[in-house]
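# What the coordinates show
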Amino acid sequence: MTAAHFWITLLKAVLVALALLTTFAYMTLVERRLLARMQIRRGPNRVGPLGLLQPLADAIKSVFKEDVLATNRDRVVFFLAPLISITTALTVFGAIPAGRPGGFFGANPWVFNLDIGVIFILAFTSLGVYGIFLAGWASGSKYSLLGGLRSSAQVISYELGQGLSILGLLILVGSANLRSIVHWQYHHGWLIAFQLIGFACFLISSFAETNRTPFDLPEAEQELVAGYLTEYSSLKWALFQMSEYVNMITASALISTLFLGGYRGPAFLDAVVPGISGWPYLWLLLKIALFLFLFIWVRATFPRLRYDQLMRFGWKVLFPVALLNALLTAAFVGLLPGLSPWILGLVSLLILIALLALGDRLLAGNRKLARGSAGD
Amino acid sequence: MILFLILALLSLVGGVLTIAASNAIHAVLGLVGTLISLAMLYVTLDAHFLAAVQVIVYAGAVMVLFLFVVMLLNAARPVSSRDPIPYVRELAVIFGVLLAGSLLLVLNGYAPPRSLANAASDLAGGAPGPVGAVLLSKFLLPFEAVSLLLLVAVIGSVALVLRPQVQEDPAPEPAAQPGRGETA
């Protein structure tokens with residue numbers, strides 16, 4: 001590695017971190033405004049035009065707030081936990097390719113390119129749970145500890161479903177390199193069409209991994225005050241907030257890259273405007289924005305799951321369904337080689353519809369059961 | 001070389017912390033540090049897939065479960081009583097020396113099964129493909145044996161924690177529908 005290469009990579013890493021943190025700041029504003037709109041309120045609109053300076057005001061407030069330190073805390077770990085959270089969150093995004101090779105003023109528009117891109121991302125996001133978990137323990141309060149325990153159990157459970165749900169995709173593409181996956185999709189069509197079940201599982205487990213509604217049990221305020229965040233304040237609290245949103249952005253980017261064609265636009269648009277599918281950044285940003293909107297939309301729509309529902313869903317629904325998807329794809333590729341993947345997509349769609357319909361029935365049956373044994 | 005020294009030092013510090021820390025949580029964190037430095041050492045050796053698996057399995061899952069148990073059992077308090085096993089320190093020294101000796105023997109007698117240049121081109125930078133191919137062809141029997149072992153462990157743990165079937169209440173509650181209560 002030459003010195004110039006090193007400095008360019010460093011510069012790109014810093015730029016990505018800055019971009020992520022700016023997006024985080026405005027994401028909080030967008031989220032509050034959108035939630036307000038969905039709940040027929042106005043939301044923050046006082047600081048600056050349309051409330052656009054609100055994130056700045058929030059940042060100043062966070063920095064100058066008193067840092068309240070719990071007496072019972074573990075000194076080193078209490079300080080370390082938010083750092084672990086934000087470091088893992090920021091590192092992961094570097095693996096996402098944002099454009100064609102040489103698309104960033106002659107440099108490559110990604111910080112590092114690994115042959116094991118997807119696996120690397122899964123590995124590093126699995127480290128992110130340490131931040132939450134250690135924060136819960138180091139605070140020395142029972143609410144924090146319960147929040148931390150819940151979150152670790154949740155993240156470990158859904159990690160399995162998440163990892164399994166991309167197995168089918170990896171079988172189809174034959175590479176774990178994110179750029180190869182994008183390239184494959186440009187030539188064969190978006191993977192969401194062929195891996196619908198995998199997409200559904202991955203999307204749901206992404207919500208769980210980022211601790212967003214309806215899986216935001218670690219911070220269930222009615223039960224646990226604020227979960228692992230209870231004893232944190234000012235900058236340390238802001239760091240946790242930051243890592244949650246950065247994780248959300250990364251999850252959106254990852255879903256777009258894996259299932260929606262990544263940094264390439266749809267190929268058929270090339271017939272209308274030549275070369276439009278190769279425009280850098282535009283497509284990835286659009287797709288990320290789409291999924292961020294989905295995250296907010298879901299938060300405004302769904303109630304939080306109960307803990308036992310969360311576990312039951314993760315282990316008894318998500319895990320087997322993801323496994324089924326992997327088996328189905330493996331059987332399709334192994335036993336019917338040469339067949340168009342669109343057939344696989346059709347079969348997946350039918351199975352998903354059947355699962356949804358069946359799930360509704362089963363749910364209704366369960367509810368009747370629960371009512372029948374209410375005194376249990 | 002500098003990178004190797006830093007990583008080796010980090011993993012050693014983590015290891016020492018693991019056995020020297022009086023707080024069980026700090027010990028677990030030291031072990032996590034060791035495991036992650038080991039993963040980075042694998043990366044410097046071009047074994048990318050192995051490194052990722054190391055992080056996912058050991059740092060991401062096994063150690064979190066360690067922490068889970070330590071926290072739930074409230075084992076984080078320092079242990080100050082005497083060692084429950086007699087002569088444990090002396091035994092530890094003996095076995096430590098034995099282990100170090102055998103490792104030295106292995107190190108002396110090691111010869112690569114084929115030239116490193118050939119092996120490196122076959123491995124393609126430690127990509128998942130070649131690793132998987134070797135696992136499912138040359139090492140199929142050990143691989144299947146290990147998966148069988150894990151399956152036994154899973155079934156065993158399920159059998160251990162499975163609660164005995166709830167006996168039906170001799171006096172059924174008036175609200176309960178007949179025949180539905182025992183399945184809940």
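Residues numbered from 1 in each chain as written. Chains lettered and ligands numbered in written order. Predicted model: local features only at pLDDT ≥ 70, side-chain atom pairs only at ≥ 80, totals over all residues. Heavy atoms only, no water.

## Re the overall build of chain A
Summing up its helical and strand segments, chain A has 15 helices and zero strands in all. Taken over the C-alpha atoms alone, chain A extends approximately 65 × 65 × 45 Å along its principal axes. Counting the 376 residues in chain A, one finds 49% classified as buried. Put simply, of all contacts in chain A between residues at least 6 apart along the chain, 75% involve residues at least 24 apart. Within the structure as shown, chain A displays about 18000 Å² of accessible surface, and the carbon and sulfur contribution to it stands at 70%. If the 28 positive side-chain charges of chain A are averaged to one point and the 18 negative ones to another, these points end up 7 Å apart. (Helix = DSSP H or I, 4+ residues; strand = E, 2+ residues; numbered from the N terminus. Buried < 20%, exposed > 50% of the residue type's maximum accessible area, 1.4 Å probe, protein only. Contact = heavy atoms within 4.5 Å. Areas by Shrake-Rupley, 256 points an atom, 1.4 Å probe, with all protein chains shown as cover. Lys, Arg positive; Asp, Glu negative; His and termini not counted. Charge placed at Lys NZ, Arg CZ, Asp CG, Glu CD.)

## Observations regarding the packing of helix α6 (residues 142-165) of chain A against helix α10 (residues 196-209) of chain A
Residue and element names in this part refer to chain A. At a closest axis distance of 8 Å, the pairing of α6 and α10 adopts a crossing angle of 155 degrees. Judged on the interaxial angle alone, α10 and α6 are roughly antiparallel. As α6 runs across α10, the sense of the crossing is left-handed. Residues Gln154, Val155, Tyr158, Glu159, Gly161, Gln162 and Ser165 of α6 pack against Gly198, Cys201, Phe202, Ser205, Ser206, Ala208 and Glu209 of α10. Each residue belonging to the contact of α6 with α10 can be placed in one class, and the counts come to five nonpolar, seven polar and two charged. (Axes fitted to C-alpha atoms, helices over the stretch in contact; angles between N-to-C directions. Parallel < 35°, antiparallel > 145°, perpendicular 65-115°, else oblique. Left-handed = near helix turned anticlockwise from the far one by under 90°. Nonpolar A, V, L, I, M, F, W, Y, C, P; charged D, E, K, R; others polar.)

## Some remarks on unusual backbone geometry
Although it is not a glycine, A:Ile40 sits at a positive phi angle of roughly 55 degrees. Structurally, A:Ile40 is set in the loop between α1 (3-38) and α2 (54-64).

## Some points on the pattern of salt bridges
It is possible for side chains bearing opposite charge to pair when their charged atoms get close. Residue and element names in this part refer to chain A. Within the structure shown, the criterion is met by three salt bridges over all chains. For arginine 299, the salt bridge is made with glutamate 31, and the minimal N-O distance between the two is 2.9 Å. With a gap of 268 residues between them, arginine 299 in helix α13 (residues 282-301) and glutamate 31 in helix α1 connect regions that are remote in the sequence. By relative accessible area, which is 36% here, arginine 299 ends up partly exposed. Take glutamate 31: its relative accessible area is 2%, and that puts it in the buried class. Ionic pairing is found between aspartate 58 and arginine 32, a salt bridge with its closest N-O pair at 3.5 Å. Here aspartate 58, found in helix α2, pairs with arginine 32, found in helix α1; they are 26 residues apart in sequence, far enough to count as distant. The exposure class assigned to aspartate 58 is partly exposed, which follows from its relative accessible area of 23%. Relative accessible area serves as the criterion here: at 37%, arginine 32 is assigned to the partly exposed category. (Salt bridge = Lys/Arg side-chain N within 4 Å of Asp/Glu carboxyl O.)

## Details of a nonpolar patch on the surface
On the surface, a cluster of nonpolar side chains totalling about 910 Å² of accessible area is made up of A:Tyr26, A:Leu50, A:Leu52, A:Leu53, A:Leu56, A:Ile60, A:Val63, A:Phe64 and A:Leu235. The element best represented in the nonpolar patch is α2(A), accounting for four residues. (Patch = residues over 30% accessible without salt bridge, like charges linked within 9 Å, V, L, I, M, F, W, Y side chains within 5 Å.)

## Some words on the confidence of the model for chain B
Do not read the predicted coordinates in detail wherever pLDDT is low. Residues and elements named next belong to chain B. On average, residues of chain B score 79 in pLDDT, and 81% of them are at 70 or above. Counting contacts from residues 176-184, a segment whose pLDDT is below 50, to residues more than four positions away or on other chains yields eight contacts. Model confidence for the complex is summarised by a pTM of 0.81, with the ipTM given as 0.73. (pLDDT = per-residue confidence, 0-100.)

## Some points on the packing of aromatic side chains
Residue and element names in this part refer to chain A. Scanning the entire structure with this criterion turns up 10 aromatic pairs over all chains. Note on phenylalanine 293 and tryptophan 297: the rings are 5.7 Å apart at their centroids and 35 degrees apart in plane angle, and the pair reads as tilted. With a gap of four residues between them, phenylalanine 293 and tryptophan 297 both fall in helix α13, about one helical turn apart. Taking relative accessible area as the criterion, phenylalanine 293 reaches 34% and is therefore assigned partly exposed. (Phe/Tyr/Trp six-rings, centres within 6.5 Å; stacked < 30°, edge-to-face > 60°.)

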